[in-house]
Amino acid sequence: LTRIACAYTKTTYTNILNGRLNKNEWLRYRYALEKIKQSDMTIYDTSAPSPLFIRSKINETFNKKGYVDLILVDYLQLLGSDRKHGSRADEVSYFAQSMKEIAKEFDTHVIALSQLNREVEKRVDKRPMLSDMKESSSIEQAADAVFGLYREEYYTGNSIGVAELIGLKGRNTATGTIYLGFIK
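The written sequence of each chain sets the order in which its residues are numbered from 1. Owing to the predicted nature of the model, reporting of local features is limited to residues with pLDDT of at least 70; listing and counting of side-chain atom pairs is limited to 80 or more, with chain, interface and lining totals taken over all residues. Hydrogen atoms and water are omitted, and side-chain values are computed over all heavy atoms in the structure.

Undergrad: Please explain the side chain of S50 as it appears in this structure.
TA: Counting from the N terminus, the helices are DSSP H or I runs at least four residues long and the strands are E runs at least two residues long. Tracing the chain through its elements places S50 in the loop between α3 (23-38) and α4 (51-65). When its relative accessible area of 14% is taken as the criterion, S50 is described as buried. Whether two residues touch is decided by their heavy atoms; if any such pair falls within 4.5 Å, the residues are in contact. The contact partners of S50, leaving out residues within four places of it in the chain, are G80, S81 and D82. Residue burial is assigned from relative accessible area. The probe radius is 1.4 Å, only protein chains are included, and a residue is buried under 20% of its type maximum, exposed over 50%, and partly exposed in between.

Right, here's the structure in full:
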């Protein structure tokens, strides 16, 4: 919640922790916390939740409110398994397919973050590709859309304040790059 408030306040997490905010930042921070408190957001910070656990929590919310706007999973490879799988790739495939089924069942969107493998570090162009996702084939098959984030300053150290949101796959839609402002 603090990180969400930091984004709204346009300050760093470290500044919040150390109390290094001017009067206007403190006011924006308090306002952000109040808005978050009033929001309809539910956060489950559970270590290695299984797809069944996630489905049960979403079902609780759905039964209370009648809808679920968006589900964020941070991140797919950290999910826990609720059954035996032959390999890690099979397990991640199960996770990806489960998220797709949940999206359909609750008529909502699921954004599942994915860890990248280290192949990107070996290339001159560090922009992510589909093959850079760990256990990528199963994730790619299940996903309707796949995006990668790239920040040149991460690799060069030059602060340019831009992040690229790269459409790597789009089922029934075009792919391309969207340039976003980035405040470190």
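Let us keep going from here.
Undergrad: Can you walk me through the packing of helix α1 (residues 2-9) against α3 in this structure?
TA: Helices that pack against each other are described as a pair by the angle of their axes relative to one another and the distance between those axes. Interaxial angle, 0 to 180 degrees, is taken between N-to-C directions of lines fitted to C-alpha atoms, where a helix line uses only the stretch in contact. Two numbers describe how α1 lies on α3: the axes approach to 9 Å, and their chain directions differ by 130°. The angle between the axes of α1 and α3 places the two elements in the oblique class. The crossing of α1 and α3 is right-handed. Touching T2, I4, A5, Y8 and T9 of α1 are E25, R28, Y29, Y31, A32, L33 and I36, all from α3. In terms of residue class, the contact of α1 with α3 is built from eight nonpolar, two polar and two charged. Here the word oblique covers every angle except those under 35 degrees (roughly parallel), over 145 (roughly antiparallel) and from 65 to 115 (roughly perpendicular). The crossing is said to be left-handed when, going from far helix to near helix, the turn is anticlockwise and less than a right angle, and right-handed when the turn is clockwise. Polar here means any residue outside two lists: the nonpolar Ala, Val, Leu, Ile, Met, Phe, Trp, Tyr, Cys and Pro, and the charged Asp, Glu, Lys and Arg; Gly therefore counts as polar.

Undergrad: Please clarify how the sheet that holds strand β3 (residues 145-150) should be interpreted in this entry.
TA: Strands in a sheet are paired, the pairing made by backbone hydrogen bonds, and the direction either parallel or antiparallel. Read across the open sheet, the three strands follow the order β3-β4-β5; overall the sheet is antiparallel. Two strands in the sheet have a free side with no partner beyond their single neighbour: β3 and β5 (177-181). Going from strand to strand, the sheet's axes swing by 25° on average, the running direction of each strand aside. Pairing between two strands is assigned when DSSP locates at least 2 bridges connecting them. One ladder, built from five bridges, connects strand β4 (residues 162-170) with β5; its direction is antiparallel. Within β5, the position partnered with L165 by the bridge is I178.

Undergrad: I'm lost on the confidence of the model for the protein chain in this one. Help?
TA: Reading predicted coordinates in detail is not appropriate for stretches of low pLDDT. Mean pLDDT over the protein chain works out to 88, with 99% of the residues at or above the 70 mark. Mean pLDDT in the protein chain bottoms out at helix α7 (residues 136-142), which sits at 79, and peaks at strand β2 (residues 109-112), which reaches 94. Scored from 0 to 100, pLDDT reflects the predictor's confidence in each residue.

Undergrad: Even after reading the chapter, I still don't get the pattern of salt bridges, so can you show me in this structure?
TA: A side chain with one charge can pair with a side chain of the opposite charge if their charged atoms come near. Any Lys or Arg side-chain nitrogen located within 4 Å of an Asp or Glu carboxyl oxygen qualifies as a salt bridge. Taken as a whole and assessed by the stated rule, the structure comprises 13 salt bridges. For the salt bridge of R55 with E105, the shortest nitrogen-to-oxygen distance reads 2.8 Å. Within this pair, whereas R55 is found in helix α4, its partner E105 is found in helix α5 (residues 88-105), the two being separated by 50 residues in sequence. Here E105 falls in the partly exposed class, since its relative accessible area comes to 46%. Notably, a salt bridge pairs D132 with R123, separated by 2.8 Å at the nearest N-O pair. For D132, a relative accessible area of 1% translates into the label buried. Each of the salt bridges in this network shares a partner with another, and the network as a whole consists of R55, E101 and E105.

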